[in-house]
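Structural overview
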Amino acid sequence: EVTDPNTVPVTLISLYLAGFNVVELKFPENAAAKVRDSVEEARRLLLGLEIVEEASDYMVLHVFSTDEAPVEVLIRNMGRLARTMYFDVVRGLRCRDLGVLRGVEIKENDLDRLYFFTVRSIRKAASAPSLTLIPETIARLIDLRIAAKIIEEIGDQADRAAGEAIKIIESEAETDFVDSLNAC
């Protein structure tokens with residue numbers, strides 16, 4: 001039962017990370033538009049979360065990406081994506097290409113989605129009945145979780161760098177700096 005539509009994104013993220021595949025939201029009819037907006041906010045972050053049924057006072061969401069890839073592969077993909085974000089910042093700044101720089105934000109959103117999916121996969125692996133306190137496996141999952149978080153933060157920094165590069169290009173105040181990049 002949704003009493004405050006503003007809590008929907010946090011609730012959906014929590015349920016997603018906990019491994020739930022189906023979520024039913026019930027809400028007052030007069031809150032439908034706000035709930036829909038809140039669901040869309042969460043869907044931008046959560047890989048595979050889709051609306052499968054909707055009425056004026058309820059909504060059913062389903063996570064369709066339940067076949068998790070190996071966590072190591074997910075983290076490797078996160079690393080590659082974060083690396084391309086930094087290359088795009090440098091290329092966008094060197095070429096004064098605002099389109100490339102604005103594309104970093106899109107990649108950052110993709111990285112966030114991959115991060116949440118990776119955390120979901122790690123949590124599912126950690127709660128598997130066959131795991132029953134195997135210290136090496138638990139330690140490995142903790143290490144992978146930390147690596148995923150660090151890569152996600154690297155992506156956040158690349159996004160900030162792209163924002164600063166956009167400001168530099170739009171202000172034209174630092175043209176000597178941008179020109180010096182092209183001389184390298």
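Before any of the text, the structure's been laid out above.
Okay, so let's go over this structure. Keep in mind that what you see is a predicted model, and the values were worked out from it rather than measured. The written sequence of each chain sets the order in which its residues are numbered from 1. For this predicted model, a pLDDT threshold of at least 70 governs which residues receive local features, and a threshold of 80 or more governs which side-chain atom pairs are given and counted, while totals over whole chains, interfaces and linings are taken from all residues. Here the side-chain values reflect all heavy atoms present in the structure, with hydrogen atoms and water set aside.

1. Comments concerning the sheet that holds strand E3 (residues 58-63)
For the record, the criterion: Strand pairing is assigned whenever DSSP detects at least two bridges linking the two strands. Here a strand is any run of E in DSSP of at least two residues, a helix any run of H or I of at least four, and the numbering for each starts at the N terminus. All axes are obtained by fitting lines to C-alpha atoms, using only the stretch in contact for helices, and the reported angles, taken between N-to-C directions, cover 0 to 180 degrees. Only heavy atoms enter the contact rule, under which two residues are in contact if any of them lie within 4.5 Å.
What the 3 strands build is an open sheet, ordered E1-E3-E2; its pairing is antiparallel. Whereas interior strands pair on both sides, the edge strands pair on one side only; in this sheet they are strand E1 (22-26) and strand E2 (49-54). Each strand axis lies, on average, 25 degrees off the axis of its neighbour in the sheet, ignoring direction. Pairing of E2 with E3 involves 5 bridges; the strand directions are antiparallel. From the neighbouring strand, Glu50 faces E3, where its bridge partner is His62. The sheet strands contacting helix H1 (residues 8-17) are E1, E2 and E3, and the helix crosses E1 at an angle near 155 degrees.

2. Section: empty space enclosed by the protein
Just so we agree on the cut-off: Here a cavity is any set of points on a 1 Å grid over the protein atoms alone where a 1.4 Å probe fits but cannot get out, and a pocket is any open set with protein on both sides within 12 Å along at least 5 of 7 lines; a residue lines the site when it has an atom within 4 Å of a point. Grid points are joined across faces, edges and corners, and a volume is the space filled by probe spheres set on the points. Only Asp, Glu, Lys and Arg are considered charged, only Ala, Val, Leu, Ile, Met, Phe, Trp, Tyr, Cys and Pro nonpolar, and every remaining residue, Gly among them, polar.
Evaluated as defined, the whole model comprises 1 cavity of 30 Å³ or more. Approximately 40 Å³ is the volume found for the largest cavity. Lining the largest cavity are Leu12, Leu15, Tyr16, Phe20, Asn21, Val23, Leu49 and Val63. Of the residues in the lining of the largest cavity, the class split is 7 nonpolar, 1 polar and no charged.

3. A few points about helix H5 (residues 135-171)
What counts is decided by this rule: By definition here, a helix of n residues has an expected span of 1.5 Å times n minus one. Relative accessible area decides the class of each residue, using a 1.4 Å probe on protein chains only: under 20% of the type maximum gives buried, over 50% gives exposed, and in between gives partly exposed.
Compared with the 54 Å implied by 1.5 Å per residue over 37 residues, the 54 Å span of H5 between its first and last C-alpha is a close match. Every buried residue of H5 is listed here: Leu141, Leu144, Ala148, Ile151, Glu152, Gly155, Ala158, Ala162, Ala165, Ile166 and Ile169. Phi for Glu172, located one or two positions after H5, is positive at around 55 degrees.

4. Some words on the side chain of Glu108
Residue position: Glu108 is located in helix H4 (residues 98-126). The residues contacting Glu108, other than those within four sequence positions of it, are Met85, Glu152, Gly155, Asp156 and Asp159.

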